[in-house]
Amino acid sequence: MLIAVSKTHPAEAIQPLIHAGQRHFGENRVQEAQGKWPALKDAQEGIILHLIGQLQSNKAEEAVALFDFIHSVDRPSLVAALGNAQAKLGKIPGCFIQVNIGDEPQKGGCPTADLPSLIDQARAAGLRIEGLMCIPPADVEPAPYFALLAKLARGHGLAGLSMGMSADFETAIMTGATHVRVGTALFGERG
Ligand SMILES: *Cc1c(COP(=O)(O)O)cnc(C)c1O
């Protein structure tokens, strides 16, 4: 599944992709997506929106309302907030648990050691877990990290693997990605 990452790009840059048949788009900020997508969705049926960026718990309800998939579920407080938002809105987006696959300090995502308990919490809270997501460490060969994410997903019985960006989507696909998140290679450099 190709997710066209349209963050920072205006509606005029997105429309040609919609006209070419692209339906899955990724944004990393709730507020930016709220500004751009309602009108684009009104103009074209079948648009599927993916939130790929870090999500604050106090934005969980807005995220559930707008997005079809959330790729950045990475901590218990967010799991709880999403569970409450789903119950309140009666809408259940698909979600991916974001894993800090290189266990890098400062990096988003659930530490690998905490993954089993976070998956249990997400299931208990009623989240619909599609799979795992990662952003591998920069400037090193990503294949071992993609392979590790695939192994973790298999171990938890999860089919979805959201991994691969413009620089490494071929490697991600070869290691089993089901969802690639590609921005620059489709839209050009972000301003
Ligand atoms: C911006 C972003 C992408 C797309 O990155 P490109 O290098 O432009 O393809 C993919 N995933 C996440 C989480 C992002 O924030």
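See the structure above.
Everything numeric here is computed off the predicted structure, so don't read it as measured data. (Residues numbered from 1 in each chain as written. Predicted model: local features only at pLDDT ≥ 70, side-chain atom pairs only at ≥ 80, totals over all residues. Heavy atoms only, no water.)

A. Geometry of the pairing of strand E2 (residues 24–27). With burial as the criterion, each face of E2 is covered, one bearing His 24 and Gly 26 and the other bearing Phe 25 and Glu 27. Inspection of the sheet shows strand E1 (residues 2–5) paired to E2 by two bridges, in the parallel sense. Looking at E2, one finds that Ala 4 is bridged to Phe 25. The β-α-β motif built from E1, the intervening helix H1 (residues 11–19) and the parallel element E2 has right-handed crossover chirality. Relative to strand E3 (residues 48–51), E2 runs parallel, the two sharing four bridges. Pairing of Gly 26 across the sheet is with His 50, part of E3. Regarding topology, helix H2 (residues 30–43) serves as the crossover connection from E2 to the parallel E3, and that connection is right-handed. (Buried < 20%, exposed > 50% of the residue type's maximum accessible area, 1.4 Å probe, protein only. Helix = DSSP H or I, 4+ residues; strand = E, 2+ residues; numbered from the N terminus. Pairing = 2+ DSSP bridges. Right-handed = clockwise from strand over helix to strand, strands pointing away.)

B. Molecular detail of the environment of Gly 188. Mapped onto the secondary structure, Gly 188 falls in the segment after helix H8 (184–187). Using a relative accessible area of 27% as the deciding quantity, one classes Gly 188 as partly exposed. When the C-alpha positions of Gly 188 and His 9 are compared, they lie 9.7 Å apart, and in sequence the two are 179 residues distant. Residues in contact with Gly 188, not counting those within four places in the same chain, are His 9 and Gly 183. (Contact = heavy atoms within 4.5 Å.)

C. Looking closely at the site of the ligand. Taken together, Val 5, Lys 7, Ile 52, Met 133, Ile 135, Met 165, Ser 166, Arg 181, Val 182, Gly 183, Thr 184 and Arg 190 make up all the residues around the ligand. Lys 7 is positioned with one of its side-chain polar atoms (N or O) 2.7 Å from an oxygen atom of the ligand. A distance of 2.8 Å separates an oxygen atom of the ligand from a polar atom in the side chain of Arg 190. Expressed as a share of its isolated accessible area of 390 Å², the protein-covered part of the ligand is 89%. Taken together, the residues of the shell around the ligand break down into six nonpolar, three polar and three charged. (Near = heavy atom within 4 Å. Polar contact = N/O pair within 3.5 Å; in protein donor to acceptor, adjacent residues only side chain to side chain. Areas by Shrake-Rupley, 256 points an atom, 1.4 Å probe, with all protein chains shown as cover. Nonpolar A, V, L, I, M, F, W, Y, C, P; charged D, E, K, R; others polar.)

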